[in-house]
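What follows is each chain in one-letter form.
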Amino acid sequence: MMSGPVLRVEDLDVSISGERILRGVNLEIEAGELFALVGESGSGKSITALSIMRLLPEEATIDRGKILLSGLDLLRLPEYRMRDVRGSRVSMIFQEPMSSLNPVMTVGDQIAEVILRHQKAGNRQVREMVAELLDSVGIAGPSERLSWYPHQLSGGQKQRVMIAMALACRPKLLVADEPTTALDVTIQAQVLSLLKDIQRNRRLAVLLITHDLGVVANIADRLAVMRRGRILETAPARTFFRFPRHEYSRELITTVPGPGTYRQEIRSKQPVLELHDLKVHFPVRKGIFQRTVSTVRAVDGIELEVFRGETVALVGESGSGKSTVGRAVLRLLDPTGGIIKFEGRNINDVPARAMRTLRKDLQIIFQDPYSSMNPRMTVADIIKEGMNSLDIESGQKERDARVVELMEQVGLPPELRRRYPHVRG
Amino acid sequence: MKLVLLWTDCLFFLLLAGIALMVPLSGRNIQLREQWGRVFGSRVGVASAMVLCAFLVTAALDSVHFRPALENAGSNTGGQIHYSPRVLSLLDCIFGELNRPAEKTYSVPFASHAFCKENVLTQSGDVVREFPRLSYGGRHLEDPENEKLRDIMSRTGKAVVHAFMLWALIAVSCVQMLAWRQNRSFSGSVVRIWRPAPAVFPWRTVFAVLLVIFLVSGWLYEMSRVYHVLGTDKVGMDVLFQALKSIRTGVLIGLLTTLVMLPIAILFGVSAGYFGGWIDDVIQYVYTTLNSIPGVLLIAAAILILQVYMNNHPELFDTEASRSDMRLLFLCIILGVTSWTGLCRMLRAETLKLRSLEYVDAARAFAVRSHVILARHILPNVLHIVLISVALDFSGLVLAEAVLSYVGVGVDPSMNSWGNMINSARLELAREPVVWWPLASAFFFMFCLVLAANLFADAVRDAFDPRTRMVK
Amino acid sequence: MWAYICRRILYAVPILIGVNLLTFMLFFLVNSPDDMARAQLGGKYVKDEAIEAWKANHGYDKPLFFNSGADGLDKLTQTIFFQKSLRLFLFDFGISDDGRSISRDIKDRMWPSLAIALPTFVVGLMVNITVAILIVMFRGAVFELIAVIGLVMLMSISGLFYIIVGQYVISVLCHLAPISGFGTGPADSWRFLILPVIIGVISGIGSGARWYRTIFLEEIHKDYVRTARAKGLSEIRVFFRHVLKNAMLPILTGVVVVIPLLFLGILIMESFFGIPGLGSYTIEAIESQDFAIVRAMVFLGSVLYIAGLILTDISYTRFDPRVRLS
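As the structure is a prediction and not an experimental result, all values here were calculated from the model.

Criteria and cut-off values
- Residues numbered from 1 in each chain as written.
- Chains lettered and ligands numbered in written order.
- Predicted model: local features only at pLDDT ≥ 70, side-chain atom pairs only at ≥ 80, totals over all residues.
- Heavy atoms only, no water.
- Helix = DSSP H or I, 4+ residues; strand = E, 2+ residues; numbered from the N terminus.
- Buried < 20%, exposed > 50% of the residue type's maximum accessible area, 1.4 Å probe, protein only.
- Contact = heavy atoms within 4.5 Å.
- Areas by Shrake-Rupley, 256 points an atom, 1.4 Å probe, with all protein chains shown as cover.
- Lys, Arg positive; Asp, Glu negative; His and termini not counted.
- Charge placed at Lys NZ, Arg CZ, Asp CG, Glu CD.
- Disulfide = S-S within 2.5 Å.
- Domains from an automatic or database assignment.
- Buried area = accessible area lost by both parts, 1.4 Å probe.
- Salt bridge = Lys/Arg side-chain N within 4 Å of Asp/Glu carboxyl O.
- Nonpolar A, V, L, I, M, F, W, Y, C, P; charged D, E, K, R; others polar.
- Phe/Tyr/Trp six-rings, centres within 6.5 Å; stacked < 30°, edge-to-face > 60°.
- Pairing = 2+ DSSP bridges.
- Axes fitted to C-alpha atoms, helices over the stretch in contact; angles between N-to-C directions.
- Core = buried A, V, L, I, M, F, W, Y, C linked by side-chain atoms within 4.5 Å.
- Polar contact = N/O pair within 3.5 Å; in protein donor to acceptor, adjacent residues only side chain to side chain.
- pLDDT = per-residue confidence, 0-100.

### Re the overall build of chain C
Now for step 1: Within chain C one finds 14 helices and zero strands.
Now for step 2: Walking chain C from its N terminus toward its C terminus, one meets helices and strands in the order α-α-α-α-α-α-α-α-α-α-α-α-α-α.
Now for step 3: Per-residue burial over chain C gives 49% buried out of 326 residues.

Below, the structure is given as structure tokens:
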């Protein structure tokens, strides 16, 4: 058998449109090892992965370095030979299972495509192989699922299909680029343990790319920390968490949230917010005349009390109705039934006009910082918008002063207030 | 002299004033400035914009209308001045005599003799069939056969020298200004312009295009003083002059239609997307209905109806110019009514997408009023779609004019337009020998305008469309 | 699925009613039948009797919406709106101003129009997509730059130029095809179709191929294409198996948008090449101000467009499993 590392990256430099993205990256992954590459977004992790697959975007160039797969220099292979390598000796799983599968092809066809590309096999044989693969990644009833389309699967199932596809030709190296970032927390754990099992059972080398140290802690054998295109430190996982050598690594480890860090015991008698039997239903329309045939019960009978000075966390999978509760409380959605009481006052039927005054006291922070700020307004205007609308602070000058104060309060330098939200990075 | 304000002139100048007003306004917004910077920072973008500007200036010159005073009539009616029924524009003045038929019929470009043989009475009293001299083209020449080439060369030289001098004056002062502003020596500025860094405003292209525009327009003007540069048509009208006059029609149709279409499309599209419910249903119904009627037929029907109306009410239109102007305006309105649906649908879809974004929810959580949300959060974020579609539609409308005129439902037949030129010249290719110049000129001028518009639209799209930016 | 199709067809009814009302208002409310009669008979100085006679002759002598002089249902049916506008729903187009049956004319002239429009459409679609595929396959090369510039130039040229110059070059200079006219049967008609179809296809390449190119480019930068490449598929296989199939959806939507343009196309083509189809019929009607025919053609055009819309929706279900299976 082959000795030495499965993958070896030496002094890799990559630039995109003239800008250096990777600077002298060195990596080594042994067979049967799960190697994690950790770093914040934009640190060059994904570019490293794509360089290995030689799937870099068109404007990117590899300036220097070597990528050796079991001793074979991938960067020197002509494109047609590289295609033989892709999918059979190295394969890759991407971050977005939603968009990484072809929406108009059945799952079975998409997996079979890899097998047919790299192996000689008859139709029936391929079908059996695909069903077996689906079974091995934990998809129930695999032979029926062959003819399903991606949109019929859940996010976790899609990522399992991606894994099956990647394993189809028994590669030596699996590159997984943030495979769980787009998934719910509960499903993340399942997919990760699946990856770990497969890696152990098949003695596969895995390069796992993630921004989340928490993901890595339990499953990685070794890991490397990356920042601004450089590898800062490479270490076995155990020693890394105990004795991080680099300043930045230490910083990363302390920011991993653990349970029980924040807890306050200030309880007052009177709840600020009370929900009784809150229901939000959405109609499902069907048929020629769009009759309402059934309803989706997004929120069905919630009981909740929030006291002054208290932070209540509402936890659940996506689609479980958490956000709907939030929006209903703010009356951004109209509840179908139940009672919402704010400071003892029932606000279900408060007319829109009176709701305006209530909004001074009820506010929301949204999930996605990209879509919750208007890209065409300056930071100051965004912060001021609410004050303007709700008549908080008397004049423009006071409001401007308050903007500066608020920005300092949340730890933003006030100079940023004239910038646009997305330039800030 | 009495100024005549035609409806289309007013709207055209209003529109130009509006554009001029937008420039400093959008200059204040960093993002818009950056995006327009990208449009004009690309060589293709700035070059096409300059060519478009040249067309716009011609159209503007041709939009200042007046009726000259009749000289002899003024003296004998005691101070009462009479005005000619003919409406002239500044462009007519520049080209002087060319605004009425100068020759009897066809003549080849730069000809000094007519295209067809005629019976000519010689001095000895015989009737001879020969090619007679033209009354305008090359009339200053004694012996056209031998002198013409030299005359053309010397005039070309003169035009080139003049154009070059004017260009040099402008270029030098521009470079000097730049040098002052960037605190550089004059020669340093020249070197920077000649060898630009990738991200610098393409001055070199600007100067090159400016030179070309000066050379071409100077040469055309100089030559048109004594020759028919592009020949004459069937009734002896100068083709170059006609083609230049047609610029106004083409530009106006492109611009005024947009002016009609934009308010409808934006209002309906955005409110359908934002408010949803029955408003959405009604607006969707209206545009699907309008869209399903073939545009040409709707335009044809409307124009036919206008014609019947005009025939039955001749008293409302005092001059021929105001008559054809009314028809042009009406055509723009009809084109606007038929073409807002596409933009409206795009705006509706985009607004639907924006409405579900969290910053709109955030604004609603702050109790910001609907019309403020529309103005502040929705409109600025759909603006790129409006811009791109306006830029793309312009060229399509210019092309559509020709086709509509061919079908007979375009602008008034008495109006100068490329469509009318093509329409009246389309059988001339069948003549023997072939009369190609009226057709070729109309197509060439139209091609220049449309190509410039298309290239500019591409530059605008590249700069404003988030999708193409992502692809690049 | 069937419910979906039925719903689509039901949606078409109010739209057709809208079209009908709109054309009715356009034709009868802006100008009264008196005005039309005057325009037909020529000028202002027509005797009132002549106008009345013309109106009676063409069935315009009834009230617009409500006939108070008639009994019962006739109050509504003996009106111009019912007789001239609502009858269009039954594809009963009435008679033209010179007294011919419009329905029969349309039936006769339909075939030459189809004979031009269909081949132009199908061949054009294939040529445009092929050109777009070639450009996308060679992206990054000099070929792409030249081709893209070429396409902008092509689409900046007036359609009339293609027709006039094409006719001149192919028929007059090279004698490759007859200039214009149409045969009596299919056997000798096809020769006359060559020229219009070729010109129709060429004049559409510029904008068509550019449009498909942007669709392909957008599709080719999506995540699933990267997945396909990661499988080791060749660029050609990636394109034909993955990109093309997904691009069918926006292409389908675009094709319907082209249908009204097709109408404009045959309008010009037929009158230039002397083909006795619906296009030249319409142009003749416009020139002779025959409102009855124009009205019929407006209605027919809308019906075709709406049929196209419904067909697209149905074909969507064929190409998009997300629609088919929901």
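### With respect to the overall build of chain A
Now for step 1: Counting its regular elements, chain A contains 15 helices and 14 strands.
Now for step 2: The dimensions of chain A, computed from C-alpha atoms along their principal axes, are 75 × 55 × 40 Å.
Now for step 3: Every one of the 425 residues in chain A was classed for burial, and the buried ones make up 45%.
Now for step 4: Residue pairs at least 24 apart in sequence account for 63% of intrachain contacts in chain A once pairs closer than 6 positions are excluded.
Now for step 5: Roughly 22400 Å² of accessible area belongs to chain A as shown, and the carbon and sulfur atoms make up 49% of that amount.
Now for step 6: Charge-centre separation for chain A: the mean point of 60 positive side chains lies 2 Å from the mean point of 52 negative side chains.

### Observations concerning unusual backbone geometry
Residue and element names in this part refer to chain A.
Now for step 1: Phi is positive for Ser70, which is not a glycine, with a value near 45°.
Now for step 2: With respect to the element layout, Ser70 can be found in the loop between β4 (60–69) and β5 (72–73).
Now for step 3: Judged by relative accessible area, Ser70 falls into the buried class, the value being 13%.
Now for step 4: The backbone of Arg170 sits at a positive phi, close to 50°, despite the residue not being glycine.
Now for step 5: As for its position among the elements, Arg170 is in the loop between α7 (155–167) and β7 (173–177).
Now for step 6: Note on Arg170: relative accessible area 63%, which makes it exposed.

### Observations concerning the state of the cysteines
All names here are of chain B.
Now for step 1: Scanning all chains against the criterion turns up zero disulfides over all chains.
Now for step 2: Free cysteine: Cys10, not disulfide-bonded; nearest cysteine sulfur from Cys332 at 14 Å.
Now for step 3: Given a relative accessible area of 29%, Cys10 falls into the partly exposed group.
Now for step 4: With no disulfide of its own, Cys93 lies 19 Å from the sulfur of Cys10, the closest cysteine sulfur.
Now for step 5: A relative accessible area of 43% places Cys93 in the partly exposed class.

### Structural notes on the domain arrangement of chain A
Now for step 1: Segmenting chain A into domains produces domain 1 (7–254), domain 2 (271–352) and domain 3 (373–418).
Now for step 2: Computed from C-alpha atoms alone, the centre-to-centre distance between domain 1 of chain A and domain 3 of chain A is 43 Å.

### Some thoughts on the interface of chain C and chain B
Now for step 1: Contact residues are listed per partner, giving 49 residues for chain C and 43 residues for chain B.
Now for step 2: The junction of chain C with chain B conceals about 4200 Å² of combined surface from both sides, 76% of it contributed by carbon and sulfur atoms.
Now for step 3: Note that B:Asp458 is salt-bridged to C:Arg210, the shortest N-O span being 2.9 Å.
Now for step 4: Those elements giving two or more residues to the side of chain C that touches chain B turn out to be α1 (2–29), α2 (33–41), α7 (142–156), α8 (159–173), α9 (186–220), α11 (235–273), α12 (278–287) and α13 (291–319) of chain C.
Now for step 5: A per-class count over the side of chain C that touches chain B returns 32 nonpolar, eleven polar and six charged.

### Quick look at the packing of aromatic side chains
Now for step 1: Within this structure, the stated rule accounts for 23 aromatic pairs over all chains.
Now for step 2: For the pair B:Phe115 and B:Trp437, a centre-to-centre distance of 5.4 Å together with 80° between the ring planes defines the contact as edge-to-face. In this pair, B:Phe115 sits in the loop between α5 (90–95) and β4 (118–121) while B:Trp437 sits in helix α16 (residues 437–464), placing the two residues 322 residues apart along the sequence. Per residue, the accessibility class of B:Phe115 equals that of B:Trp437, and both read buried.
Now for step 3: Look at B:Tyr406 and C:Phe272: their rings are 4.7 Å apart centre to centre, the planes differ by 15°, and that puts the pair in the stacked class.

### Observations concerning the pairing of strand β1 (residues 7–16) of chain A
Residues and elements named next belong to chain A.
Now for step 1: In terms of burial, β1 is a largely internal element, seven of the ten residues being buried.
Now for step 2: In this structure, β1 lies alongside strand β2 (residues 19–29), joined through seven bridges in antiparallel fashion. Bridging from a neighbouring strand, Ile16 pairs with Glu19 of β2.
Now for step 3: In this antiparallel pair of consecutive strands, β1 and β2, the connection spans two residues, and Ser17 shows a positive phi of 45°.
Now for step 4: Relative to β4, β1 runs antiparallel, the two sharing eight bridges. When the sheet's bridge partners are listed, Arg8 is paired in β4 with Leu68.

### With respect to the sheet that holds β7(A)
All names here are of chain A.
Now for step 1: Strand order in the open sheet formed by six strands is β6-β7-β8-β3-β9-β10, with mixed pairing between adjacent strands. Of all strands in the sheet, those bounded by a partner on one side alone are β6 (90–93) and β10 (230–236). Strand-to-strand, the axes of this sheet are offset by a mean angle of 15°, without reference to chain direction.
Now for step 2: Note that strand β9 (residues 222–227) and β10 share six bridges and pair antiparallel. The partner of Met226 across the bridge, within β10, is Ile231.
Now for step 3: Across the face of the sheet, helix α1 (residues 45–53) comes into contact with β3 (34–38), β6, β7, β8 (205–210) and β9 while running at roughly 145° to β6.

### Examining helix α10 (residues 223–230) of chain C
Now for step 1: Counting buried residues in α10(C) gives six out of eight residues, a clear majority hidden from the surface.
Now for step 2: Downstream of α10(C) by one or two residues, C:Gly232 has phi in the positive range, about 95°.

### Quick look at the nonpolar core
Burial of nonpolar side chains together is a common tendency in soluble globular proteins.
Now for step 1: The biggest cluster of nonpolar side chains holds 168 residues, and the ones touching the most others in it are B:Ile378, B:Trp418, B:Ile422, B:Met446, C:Leu160 and C:Met297.
Now for step 2: Here C:Leu160 is in contact with B:Ala402, B:Val403, B:Tyr406, B:Ile422, B:Phe443, C:Ile268 and C:Phe272, once residues within four sequence places are set aside.
Now for step 3: Judged by nonpolar contacts, the second largest core, of 88 residues, contains A:Leu34, A:Ala60, A:Val126 and A:Val175.

### Thoughts on the domain arrangement of chain C
Residues and elements named next belong to chain C.
Now for step 1: Domain boundaries assigned for chain C yield domain 1 (31–90) and domain 2 (102–319).
Now for step 2: Between domain 1 and domain 2, the residue contacts involve seven residues of the former and eight residues of the latter.
Now for step 3: Regarding the contact of domain 1 and domain 2, the summed buried area is about 610 Å², with carbon and sulfur atoms giving 62% of it.
Now for step 4: Here domain 1 and domain 2 share zero salt bridges between them.
Now for step 5: Viewed at the interface, domain 2 and domain 1 are joined by zero residue pairs in polar contact (both at pLDDT 80 or more).
Now for step 6: With three residues, α2 is the largest single contributor of residues to the side of domain 1 that touches domain 2.
Now for step 7: In terms of residue class, the side of domain 1 that touches domain 2 is built from five nonpolar, one polar and one charged.

### A few points about the confidence of the model for chain C
Now for step 1: A residue-level look at chain C finds 87% of positions with pLDDT of 70 or above and a mean pLDDT of 80.
Now for step 2: In the model output, the complex is listed with pTM 0.83 alongside ipTM 0.82.

### Description of the sheet that holds strand β2 (residues 65–67) of chain B
Strand-to-strand pairing in sheets goes through backbone hydrogen bonds, with the strands running parallel or antiparallel.
Residue and element names in this part refer to chain B.
Now for step 1: One open sheet holds the three strands; their spatial order is β1-β2-β3, and the pairing between them is antiparallel. Each having just a single partner strand, β1 (2–4) and β3 (88–89) make up the two edges of the open sheet.
Now for step 2: In terms of strand pairing, β1 meets β2 through three bridges, oriented antiparallel. If you follow Leu3 over to β2, its bridge partner there is Phe66.

### Some points on the interface of chain C and chain A
Now for step 1: The interface of chain C with chain A comprises 27 residues on the first partner and 30 residues on the second.
Now for step 2: Where chain C abuts chain A, roughly 2600 Å² becomes buried across the two surfaces, and 59% of that area is made up of carbon and sulfur atoms.
Now for step 3: Per-residue buried area on chain C facing chain A is highest for C:Arg226, C:Ala230 and C:Lys231; these three make up 23% of the total on that side.
Now for step 4: Where chain C meets chain A, there are three salt bridges.
Now for step 5: Between C:Lys231 and A:Glu113 there is a salt bridge; the shortest N-O distance is 2.7 Å.
Now for step 6: Applying the counting rule to chain C against chain A returns 13 residue pairs in polar contact (both at pLDDT 80 or more).

### What about the side chain of A:Asp13?
All names here are of chain A.
Now for step 1: Mapped onto the secondary structure, Asp13 falls in strand β1.
Now for step 2: In this structure the side chain of Asp13 is engaged in a polar contact, spanning 3.1 Å, whose partner is the side chain of Arg20.
Now for step 3: In this structure Asp13 touches Arg20, Leu22, Arg23, Gly24, Thr61, Ile62, Asp63 and Arg64, once residues within four positions along its chain are discounted.

### Let's talk about the environment of B:Ala391
Residue and element names in this part refer to chain B.
Now for step 1: Residue position: Ala391 is located in helix α14 (residues 370–407).
Now for step 2: We classify Ala391 as buried; its relative accessible area is 13%.
Now for step 3: Considered as a pair, Ala391 and Gly254 are 137 residues apart in the sequence and their alpha carbons are 9.5 Å apart.
Now for step 4: The residues touching Ala391, leaving out its near neighbours within four places in the chain, are Ala453 and Ala457.

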